[in-house]
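Architecture and fold: a report
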Amino acid sequence: MSRRFFLRITNIIEAHNLYFKQRTDALGVLGLSCLQKVTAVHRILAYGIPTDLTDEYLRIVETTAIENLKVFVKAIVEFFGYWYLRAPNEADICQLLSIGEQRGFLGMLGSIDCVHWK
C-alpha cells in the first residue's frame, strides 16, 4: 500500500471516529497515536499476524489490538460502506462486463472460480 493511500485512510478514520484520536490518560501520559493503531490493524489484516505480536512491534497489548481491529472495521464499514459495499447498479454491471470481455472472460461477473479457464 502506498504511503499516501495509507495516510488518507488514517486521516479519514481519525476524523470519523474519536476512538482513533490520541488522548492523554489521568496522569497526563499520551496514549497510542492514530498511526500506531491503524498500523497495527493493517499488519493484522494484511499479514495475518496474531494480535499479541503487535506488542513486540508497536507496543500495543493484545486486548487493545483486538479492540483497535473491531473499531477500525466498524469505522471502515460506516464510512466507506455506502459506496463500496452497495449492490452494483446497471452502469456498474455494464462496465464490469465490458472489462471482462476485454480481458477474455466473456459473460463473467462475480465469479472467482477461474480454475477451469485455460
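Residues numbered from 1 in each chain as written. Predicted model: local features only at pLDDT ≥ 70, side-chain atom pairs only at ≥ 80, totals over all residues. Heavy atoms only, no water.

1. Considering the nonpolar core
Side chains of nonpolar character tend, in soluble globular proteins, to be buried together. Put simply, the rule reads: Nonpolar core, defined: a set of buried Ala, Val, Leu, Ile, Met, Phe, Trp, Tyr and Cys residues in which side-chain atoms within 4.5 Å join the residues together. Each residue is assigned to one of three classes by its accessible area relative to the maximum for its type, calculated with a 1.4 Å probe on protein chains only: buried under 20%, partly exposed between the two thresholds, exposed over 50%. In this text, helices come from DSSP runs of H or I with a minimum length of four residues, and strands from runs of E with a minimum of two, each type numbered from the N-terminal end. Whether two residues touch is decided by their heavy atoms; if any such pair falls within 4.5 Å, the residues are in contact.
Core analysis: the biggest nonpolar cluster contains 18 residues, and Ile13, Phe20, Val38, Ile44, Ile60 and Phe72 have the highest contact counts within it. Of all elements in the fold, only helix H1 (3-16), helix H2 (34-47) and helix H4 (62-84) reach the threshold of two or more residues within this core. Among all residues touching isoleucine 44, those that are not within four sequence positions of it are Ile49, Thr51, Thr54, Ala65 and Leu69.

2. Overview of a negative patch on the surface
For clarity, the threshold we go by: Only residues whose relative accessible area exceeds 30% and that form no salt bridge enter a patch; like-charged residues are grouped when within 9 Å of one another, and nonpolar side chains (Val, Leu, Ile, Met, Phe, Trp, Tyr) when within 5 Å. Here the open area of atoms and residues is found with the Shrake-Rupley method and a 1.4 Å probe, where only the protein chains shown may cover a residue. Salt bridges are defined by distance alone: a side-chain nitrogen of Lys or Arg within 4 Å of a carboxyl oxygen of Asp or Glu. Positive: Lys, Arg. Negative: Asp, Glu. His and the chain ends are not part of the count. Note that the charge is assigned to NZ on lysines, CZ on arginines, CG on aspartates and CD on glutamates.
Taken together, the side chains of Asp52, Asp55, Glu56 and Glu62 make up a negatively charged region of the molecular surface. Residue position: aspartate 52 is located in the loop between H2 and helix H3 (54-58).

3. Comments concerning the environment of aspartate 25
The cut-off we apply is this: Polar contact criterion, stated in full: a pair of N or O atoms within 3.5 Å, where within protein one must be able to donate a hydrogen and the other to accept it, and residues adjacent in sequence count only if both atoms are side-chain atoms.
Looking at where aspartate 25 falls in the secondary structure, it is placed in the loop between H1 and H2. Relative accessible area serves as the criterion here: at 41%, aspartate 25 is assigned to the partly exposed category. There is a polar contact of 2.9 Å between the side chain of aspartate 25 and the backbone nitrogen of valine 29.

4. Examining the confidence of the model for the chain
The line we're drawing: Per residue, pLDDT measures the predictor's confidence, with a range of 0 to 100.
Looking at the chain, pLDDT values average 87 and 92% of them are 70 or higher. Mean pLDDT in the chain bottoms out at H3, which sits at 84, and peaks at H1, which reaches 94.

5. Section: H2
As a reminder of what qualifies: By definition here, a helix of n residues has an expected span of 1.5 Å times n minus one.
Given a rise of 1.5 Å per residue, 14 residues ought to cover 20 Å, and the 20 Å separating the end C-alpha atoms of H2 matches this to within 8%. What H2 keeps buried is the set Cys34, Lys37, Val38, Ala40, Val41, His42 and Ile44. Elements that come into contact with the buried residues of H2 comprise H1, H3 and H4. Phi for glycine 48, located one or two positions after H2, is positive at around 65°.

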